[in-house]
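Breakdown of the fold
Single-letter residue listing:
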Amino acid sequence: MLRIALIDILLFALPFLLYGAYMVWVKGVAPADLWQTAPIFWLLAAGFGLLFVTMATLVQFTGGDRGGTYHPPVIEDGVIKPGGID
């Protein structure tokens, strides 16, 4: 679950990171003055949009069979057998 949360945070922060890198390396803006004139609304919109599109794509194209039967994890002979969808 932590992996999913970190991926979501990275996807949301990606437009901010790219903007910051572009402004510092290409435009030569000092890092202290970087966010004074930044288009915060558009960076937020791009971050939410990227996050939404990625999550919608993952939900649509990953996972088990929609008509399958769920089997929860079980303990057999002291070993945890993972669950799954058949």
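Reading the values: rules and limits
- Residues numbered from 1 in each chain as written.
- Predicted model: local features only at pLDDT ≥ 70, side-chain atom pairs only at ≥ 80, totals over all residues.
- Heavy atoms only, no water.
- Helix = DSSP H or I, 4+ residues; strand = E, 2+ residues; numbered from the N terminus.
- Buried < 20%, exposed > 50% of the residue type's maximum accessible area, 1.4 Å probe, protein only.
- Core = buried A, V, L, I, M, F, W, Y, C linked by side-chain atoms within 4.5 Å.
- Contact = heavy atoms within 4.5 Å.
- Expected span 1.5 Å × (residues − 1).
- Arc of directions from axis to C-beta.
- Bend = angle between axes of the 7 residues up to and from the residue.
- Phe/Tyr/Trp six-rings, centres within 6.5 Å; stacked < 30°, edge-to-face > 60°.

Within the secondary structure, Pro82 sits in the loop between strand E3 (79-81) and strand E4 (84-85). In this structure Pro82 comes out as exposed when scored by relative accessible area, which is 72%. With 11 residues separating them in the primary sequence, Pro82 and His71 have C-alpha atoms 8.7 Å apart.

Okay, the nonpolar core next. Membership of the largest hydrophobic core is limited to six residues, which are Phe16, Tyr19, Met23, Leu34, Ala38 and Leu43. With residues up to four places along the chain from it excluded, the contact list for Met23 reads Gly28, Val29 and Leu34.

A few words on helix H2 (residues 40-61). The end-to-end C-alpha separation of H2 is 32 Å, in line with the 32 Å expected for 22 residues at 1.5 Å each. Within H2, burial applies to Leu43, Gly47 and Leu51. Take H2 and look down its axis: the buried residues cluster within an arc of 65 degrees, on one side only. Set apart from the buried face of H2 by more than 90 degrees, the exposed residues are Phe41, Trp42, Phe48, Phe52, Val59 and Phe61. One or two positions beyond H2, positive phi appears at Gly63, with a value near 110 degrees.

A few words on helix H1 (residues 2-25). It helps to recall that an α-helix has 3.6 residues per turn; residues three or four apart then point in one direction. Relative to the 34 Å expected for 24 residues at 1.5 Å per residue, H1 spans 32 Å between its end C-alpha atoms, a close match to the ideal helical length. Along its length, H1 reaches its greatest deviation from straightness, about 45 degrees, at Ala13, and the proline Pro15 lies no more than four positions downstream. Of the surrounding secondary structure, the elements contacted by the buried residues of H1 are H2.

For the structure on display, the rule yields five aromatic pairs. With a centroid separation of 5.0 Å and an interplanar angle of 55 degrees, the aromatic rings of Phe12 and Phe48 are classed as tilted. Of this pair, Phe12 sits in helix H1 while Phe48 sits in helix H2, and the two are 36 residues apart along the sequence. Using a relative accessible area of 52% as the deciding quantity, one classes Phe48 as exposed. Aromatic rings pair up to connect Phe12, Phe16, Tyr19, Trp35 and Phe48 into one cluster.

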